[in-house]
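# Chain and residue survey
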Amino acid sequence: MPPVVLDDVQELKEFVGREINVTDWLRLDHKRIEQFAEATEDRQWIHLDRERASKESSYGTTIAHGFLTLSLVSYFVREAIQIRGGVRMAVNYGLNRVRFPSPVRSESKIRARIALLTLKELSDAVEVTFGVTIENEYSDKPCCVAEWIVRYYR
């Protein structure tokens, strides 16, 4: 879906308590999983060894790291929302709650539902908390649910 385009960060106020947008699907291929494993030193076989995973894993194939899925939150929010003006910089302020209810099998597609949970005015910024639910094409359960806090500095 195309992003919701806002002229100013203040326009986010109308979305408090509502879903803002749903992103397009993104394929998590094995190469991306391998690159993440190298970058994070997490080379557990369930992520990298296709042959062993096909025999020993209940998932039948390799799966993406939960933290790889989580790391895509900022990408998905940028895909869902574009703010044209009034923002000098946006800063990842942290996370409140993160869960990984279901795995992401290698080569499957994921997308995100982005909602705005809160918006707080600060002296030099607007702090928002996004509710991000990442869905997997092969599961009724989300693969990641997170509350992400961003500060938009004016």
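Our subject is the structure listed above.
In this report, the structure presented in the accompanying data block is examined. (Residues numbered from 1 in each chain as written. Predicted model: local features only at pLDDT ≥ 70, side-chain atom pairs only at ≥ 80, totals over all residues. Heavy atoms only, no water.)

## A word on helix H5 (residues 73-80)
Taken residue by residue, H5 has Val73, Phe76, Val77 and Ala80 as its buried positions. When H5 is viewed along its axis, its buried side chains cluster within an angular range of 100 degrees and face the same direction. (Buried < 20%, exposed > 50% of the residue type's maximum accessible area, 1.4 Å probe, protein only. Helix = DSSP H or I, 4+ residues; strand = E, 2+ residues; numbered from the N terminus. Arc of directions from axis to C-beta.)

## Observations concerning the pairing of strand E6 (residues 108-121)
The pairing of strand E2 (residues 18-22) with E6 spans 4 bridges and is classified as antiparallel. Within E6, the position partnered with arginine 18 by the bridge is leucine 116. With 11 bridges joining them, E6 and strand E7 (residues 125-136) adopt antiparallel strand pairing. When the sheet's bridge partners are listed, arginine 113 is paired in E7 with threonine 133. Here E6 folds back onto E7, and the loop between the two strands holds 3 residues. (Pairing = 2+ DSSP bridges.)

## Regarding the environment of glutamate 135
Inspection of the secondary structure assignment puts glutamate 135 in strand E7. Taking the relative accessible area as the measure of exposure, glutamate 135 reaches 19% and is therefore buried. With 56 residues separating them in the primary sequence, glutamate 135 and glutamate 79 have C-alpha atoms 15 Å apart. Discounting residues that sit within four places of it in the chain, glutamate 135 has contacts with Trp25, Lys109, Ile110, Arg111, Arg113 and Cys143. Among the polar contacts listed, one links the side chain of glutamate 135 to the side chain of arginine 113, at a separation of 2.7 Å. (Contact = heavy atoms within 4.5 Å. Polar contact = N/O pair within 3.5 Å; in protein donor to acceptor, adjacent residues only side chain to side chain.)

## Digging into the nonpolar core
Within the largest apolar cluster, 35 residues are counted, with the highest numbers of intra-cluster contacts made by Ile114, Phe130 and Ile134. Those elements that provide at least two residues to this core are strand E1 (4-8), strand E3 (26-28), helix H1 (30-40), helix H4 (66-71), H5, E6, E7 and strand E8 (144-153). Ignoring sequence-local partners within four residues, the contact set of phenylalanine 130 consists of Ile20, Val77, Ile81, Ile114, Ala115, Leu116, Leu117, Ala146, Glu147, Trp148, Val150 and Tyr152. (Core = buried A, V, L, I, M, F, W, Y, C linked by side-chain atoms within 4.5 Å.)

## Points about unusual backbone geometry
You will see that glutamate 41, though not glycine, has its phi angle at about 65 degrees, which is positive. Relative to the elements of secondary structure, glutamate 41 occurs in the loop between H1 and helix H2 (45-48). Although it is not a glycine, glutamate 107 sits at a positive phi angle of roughly 75 degrees. For glutamate 107, a relative accessible area of 34% translates into the label partly exposed.

## Considerations on the state of the cysteines
Should the sulfur atoms of two cysteines be covalently bonded, the bond is a disulfide. If you walk through the whole model with that rule in mind, you get 0 disulfides. Lacking any disulfide linkage, cysteine 143 is separated from the closest cysteine sulfur, that of cysteine 144, by 6.5 Å. (Disulfide = S-S within 2.5 Å.)

## With respect to the packing of aromatic side chains
In the structure shown here, the tally under the stated rule is 3 aromatic pairs. Centre to centre, the rings of phenylalanine 67 and phenylalanine 100 are 6.1 Å apart; their planes meet at 85 degrees, and the pair counts as edge-to-face. Here phenylalanine 100 lies in the loop between strand E5 (89-99) and E6 and phenylalanine 67 lies in helix H4, a separation of 33 residues in the sequence. The exposure class assigned to phenylalanine 67 is exposed, which follows from its relative accessible area of 59%. Residue class for phenylalanine 100 comes out partly exposed when judged on its relative accessible area of 37%. Directly above the ring of tyrosine 93 sits arginine 151, whose terminal nitrogen or CZ lies 3.8 Å from the centroid. (Phe/Tyr/Trp six-rings, centres within 6.5 Å; stacked < 30°, edge-to-face > 60°. Lys NZ or Arg CZ within 6 Å of the ring centre and 35° of its normal.)

That's the geometry; what it means functionally is another story.
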